[in-house]
Amino acid sequence: MTRYASLILDVRTRVLDRTFDYAVPDELAGSVDVGCCVLVTFAHRPAVGYVLGLRDRLDPEVDPGKVRPVEQVLSDPMFDADAVETIRWIAREYAAPVVDVVRLFCPPGFSARAVRDPRSGVWTLRTAQTAQVEERWVSLTEQGRSFVPAPNAARQRALIGALSEGPVLQAELALSMSSASSVVKALERRGVVSVELRRRVRGRRQVRLASAQAPRRAPGELTQGQRSALEAIGRACDARRGDVVVLDGVTGSGKTEVYLEAIERVLSQGRDAVVLVPEISLTPQTVGRFRSRFGDQVAVLHSRLSTGERYDQWDLVRQGGARVVVGARSALFAPVANPGIYVIDEEHESSYKQGSSPRYHAREVAAHLARQHGAALVLGSATPSLEALERCSQGRFAGASWTRVEMPQRPGGRPLPPVEVVDMAAEFASGWRSMFSRALTQALAETVQRGEKAVLMLNQRGFARWLLCRDCGYVPRCEHCSTSLTYHERGHMLVCHTCGSQYPVPATCPQCGSHYLRMSGMGTQQVEDRLREQLAQIVPSGVPVIRMDADSTREKGGHERCLEEFDAAPCAVLLGTQMIAKGLDFPEVTLVGVINADTVLKVCDFRAAERTYDLLEQVAGRAGRGPKGGRVVIQTYQPRHPAVQAAARHDRSVFLDAELPLRREALYPPFVGLANLVVWGPQLEAVTSTCRQIASALLDRAEGLSLPAGGAAGDGDPSWPGGSPVRVLGPVECAISRLQDRYRWHVLVKADRSVELGPFVSEALGAVKVPHGVSVAVDVDPHDMM
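Remember, predicted model here, so these are calculated numbers, not experimental data.

Cut-offs applied
Residues numbered from 1 in each chain as written. Predicted model: local features only at pLDDT ≥ 70, side-chain atom pairs only at ≥ 80, totals over all residues. Heavy atoms only, no water. Helix = DSSP H or I, 4+ residues; strand = E, 2+ residues; numbered from the N terminus. Rg over C-alpha atoms; globule rule 2.2 N^0.38 Å. Contact = heavy atoms within 4.5 Å. Areas by Shrake-Rupley, 256 points an atom, 1.4 Å probe, with all protein chains shown as cover. Pairing = 2+ DSSP bridges. Salt bridge = Lys/Arg side-chain N within 4 Å of Asp/Glu carboxyl O. Buried < 20%, exposed > 50% of the residue type's maximum accessible area, 1.4 Å probe, protein only. Phe/Tyr/Trp six-rings, centres within 6.5 Å; stacked < 30°, edge-to-face > 60°. Lys NZ or Arg CZ within 6 Å of the ring centre and 35° of its normal. Expected span 1.5 Å × (residues − 1). Axes fitted to C-alpha atoms, helices over the stretch in contact; angles between N-to-C directions. Core = buried A, V, L, I, M, F, W, Y, C linked by side-chain atoms within 4.5 Å.

Check the secondary structure of the protein chain and you find 22 helices and 33 strands. The C-alpha atoms of the protein chain give 29 Å as radius of gyration, which agrees with the globular expectation for 786 residues (28 Å, within 12%). Principal-axis analysis of the C-alpha atoms gives the protein chain an extent of 85 × 85 × 65 Å. In the protein chain, of all internal contacts separated by at least 6 residues, the share reaching a separation of at least 24 is 75%. Just so you have it, the protein chain exposes about 34,800 Å², and 48% of that area is on carbon and sulfur atoms.

Ordered in space as β9-β8-β10, the three strands form an open sheet in which the pairing is antiparallel. Unpaired on one side and paired on the other, β9 (168-169) and β10 (193-200) mark the two borders of the sheet. With eight bridges connecting them, strand β8 (residues 133-140) and β10 associate as antiparallel partners. Residue pairing in the sheet places E135 in a bridge with R198 of β10.

The next subject is the pattern of salt bridges. Per the counting criterion, the structure on display carries 39 salt bridges. Taking the shortest distance from any N to any O, the salt bridge between D21 and R55 comes out at 2.4 Å. With D21 in strand β2 (residues 20-24) and R55 in strand β4 (residues 45-55), the pair connects residues that are 34 residues apart, well separated along the chain. Taking relative accessible area as the criterion, R55 reaches 27% and is therefore assigned partly exposed. Across the pair R293 and E257 runs a salt bridge whose closest N-O atoms are separated by 2.8 Å. Within this pair, whereas R293 is found in helix α10 (residues 283-294), its partner E257 is found in helix α9 (residues 255-268), the two being separated by 36 residues in sequence. Several salt bridges share partner residues, and in doing so they unite D248, R404, E406 and R652 into one network.

It is worth spelling out the packing of aromatic side chains at this point. Per the counting criterion, the structure on display carries twelve aromatic pairs. Measuring from centroid to centroid gives 6.4 Å for F397 and W402, while their planes differ by 85 degrees, and the two rings are edge-to-face. Owing to a relative accessible area of 4%, W402 belongs among the buried residues under this scheme. Here F606 and Y668 contribute two aromatic rings whose centre-to-centre distance is 4.5 Å and whose plane-to-plane angle is 15 degrees, an arrangement assigned as stacked. Residue F606 is located in the loop between β28 (589-594) and α18 (608-620), and its partner Y668 is located in the loop between α20 (652-666) and β30 (673-681); the two are separated by 62 residues in the primary sequence. Y668 matches F606 in its accessibility class, with the two residues each being buried. Members of the aromatic cluster, each reached through a chain of ring pairs, are F79, F105, F333 and Y360. The ring of F20 has R18 lying over it, and the distance from NZ or CZ to the ring centre is 4.0 Å. The aromatic ring of W137 is capped on one face by R198, whose charged end is 4.8 Å from the ring centroid.

Here we take up helix α8 (residues 224-239). When the terminal C-alpha atoms of α8 are compared, their 23 Å separation across 16 residues agrees well with the 22 Å that a helix rising 1.5 Å per residue should span. Among all positions in α8, only G225, Q226, A229, A232, I233, G234, A236 and C237 are buried. Elements that come into contact with the buried residues of α8 comprise β11 (244-249), α9, β15 (339-345), β16 (376-381) and β18 (400-407). Immediately downstream of α8, the backbone of R240 shows phi near 55 degrees, a positive value.

Counted residue by residue, strand β32 (residues 742-751) has eight buried out of ten residues, so it is predominantly covered. As paired elements, β30 and β32 share nine bridges and run antiparallel to each other. Note on β32: the bridge partner recorded for N676 is L748. Sheet topology note: the strand β31 (residues 726-739)/β32 ladder contains eight bridges and is antiparallel. Within the sheet, the bridge partner assigned to V732 lies in β32 and is H746.

Turning our eyes to something else, we now look at the sheet that holds strand β29 (residues 631-636). Read from one edge to the other, the open sheet built from six strands follows the order β19-β29-β28-β20-β27-β26, with strand pairing classed as parallel. With one partner strand each, in any of the chains shown, β19 (419-423) and β26 (545-548) form the two edges of the open sheet. Each strand axis lies, on average, 15 degrees off the axis of its neighbour in the sheet, ignoring direction. Relative to β29, β19 runs parallel, the two sharing five bridges. In the sheet register, V419 faces β29, and the bridge partner there is V632. Contacting β19, β20 (453-457), β27 (573-576), β28 and β29, helix α15 (residues 438-449) crosses the sheet at an angle of about 155 degrees to β28. On the sheet, helix α17 (residues 558-568) packs against β20, β26, β27 and β28 and is oriented at approximately 155 degrees with respect to β26.

Let us now look at the nonpolar core. By size, the foremost hydrophobic cluster in this structure holds 88 residues, and its most contacted members are Y50, F79, V102, L332, L377, L698 and F760. It is helix α21 (residues 684-703) that contributes the most residues to this core, seven residues altogether. The residues touching F79, leaving out its near neighbours within four places in the chain, are V34, G35, Y50, V51, L52, V84, I87, V102 and F105. In terms of nonpolar packing, the next biggest core, distinct from the first, is built from 40 residues, A581, V589, V600 and L615 among them.

The linkage connecting P669 with the following residue, P670, adopts the cis geometry, with an omega of 15 degrees. Tracing the backbone shows P670 in the loop between α20 and β30. A cis amide bond links G730 with the next residue in sequence, P731, at an omega value of 15 degrees. Within the secondary structure, P731 sits in strand β31. The phi angle at A43 is positive, at roughly 55 degrees, despite the residue not being glycine.

Within the secondary structure layout, L748 lies in strand β32. On the accessibility criterion, L748 (7% relative accessible area) is buried. Dropping the residues within four chain positions of it, L748 is found in contact with Y668, L674, A675, N676, R727, V728, L729 and M785.

Right, dumping it as structure tokens:
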């Protein structure tokens, strides 16, 4: 009987968001399976497709005689039927092309481009740096254990002595003794040693280095909050229905120790674990803690690894050689055999939202995977997202239980550091002109004089935010984007932080010819220079200043180098952007300073206040983790803002009491669903016309919907104002109206939570013909409104 494979095609010239049926020839019946990549003919051309399903019958309206055959199998299965169900769920939930979602489950370095050998006619996939690398390992044979070298054979004796404890990598022997290769060959011929080729797992060395640098901490007595958290996680694991536990723990409350204990329990039951961290900068410390507990069972997946390193780590998981996966957002899709727990550390972080298609949120996908596999999902944060808090208040979401467990104490009873808020407007009015307030200046001096460590945060890299002509007000802007350029003193250039374009610094104003070009605003480079000058006056011998931002950590290993340097110094200042605000654990830090708390608060985004509170509370938590305690100084021009006051008092209710009523009244998450549809292209008229058509199609579809009788149903919110459960706003220009020579407009959709936004938007877009050269992106649950 002929079987048929349902394929999603990876055709670059168009988006074909539907499956096509191809017949499986008898000679390929044993090799075509779900998850395989196959070669077929489509539109008279060779094409690559992914097998999403197999069946014995075609739909009645399909003529079997017109169904083309699968021509060749190009890969082993890369995912299974469970993954296919998740692929379809993500595509539906986020209105994304199915083929984009499929690529999430493919191994690192995978390419859907097939090339044909002109001699044999066989097609193969073009992959990048995924070929296995082998190493030569040398070991003593049974005969070698009793072999006695000649008295003058010093190198043979040294080699046998090096192998007495077990096999040794031949490359390491070459480092410790001369002519190692010739000695090995001589002894191999005599049967004294044997040489074995083994696969080298790339990326393993970085994992071992991280564990060697991680602080060795014997688990102490658990706090009451930690015990309660472990009990709740244990119940969620035993329930096997995808229940969620939100660890609402103050900074330094020992959430990582809870993760370790919970994962240890899951591993003992024969199940596996996936742990997500939001920043690459957190990976070294986190990996070190996990590897010190679980050894070689830990695999690491993040973007700073090379393609070969990521592939080997991915393959290690697939073969069952690693049962704990630690990594960034994409680690969710590692081929874990039997997941029993998913952990998302710093759950509130916006980096868990994918910025390109498919624009999924790791929290939502992890919750789906947990339900699918009967695993527990643990969300940890000192500042849980408003969405997570709202679901915990409801008790259930999407059929799973949501439980919040408070962890209000640090181990050892250490208090949270006191926070001093400095009004920079008052400082300026009093005649103080330094970027460091008097309070921060004094605190820095006292810290370095005691030989202690400090962390300073400014969420703006570069030297100055922009150049300003003092005669005409001209500000240089990117030629390709509607954004101002940032001045970088290193290299003396202007850089667009949106598209990366670089420009020379003009000697005079391009608009009026004035020589009075002034640097306005400040970035981490400028703060670094001023900080060095100030510290040199306090400690003439110098204090190390380590700058950690996207510029200083651009090269591979940059994060690790910065943190190692800071950790090794007896007294130092770590200066950086928001990447230093979370997850880092240095007990020696006794001072945290925030140079300007208003950088995020000024962004035109409804989450600006929430992000500001999160950032301030998180960075404040870097202080006072050791026995010496600590203090925090926050500099701001808005000292009475609820986000600033909540962080200053370590009291989230101050922020929530002000923020939630505003969100509810303006119909924003967590009370409604939100989707942002962005349209862009090189021709403004085509972009605006397409955007208006999309808005019209959305409005037409919204008019056909109504709230369920008696108000919102299911997960809907009873405060929805009535009428249609969908509101369409726009079209209008995006906040960044031009990006890389493309004009950008958008439409915003708000919906009662009873509406499935993904399908709603997809069906509306199906009625719009998008012209050539115009692109449309759908972002459900957007975290970037720019």
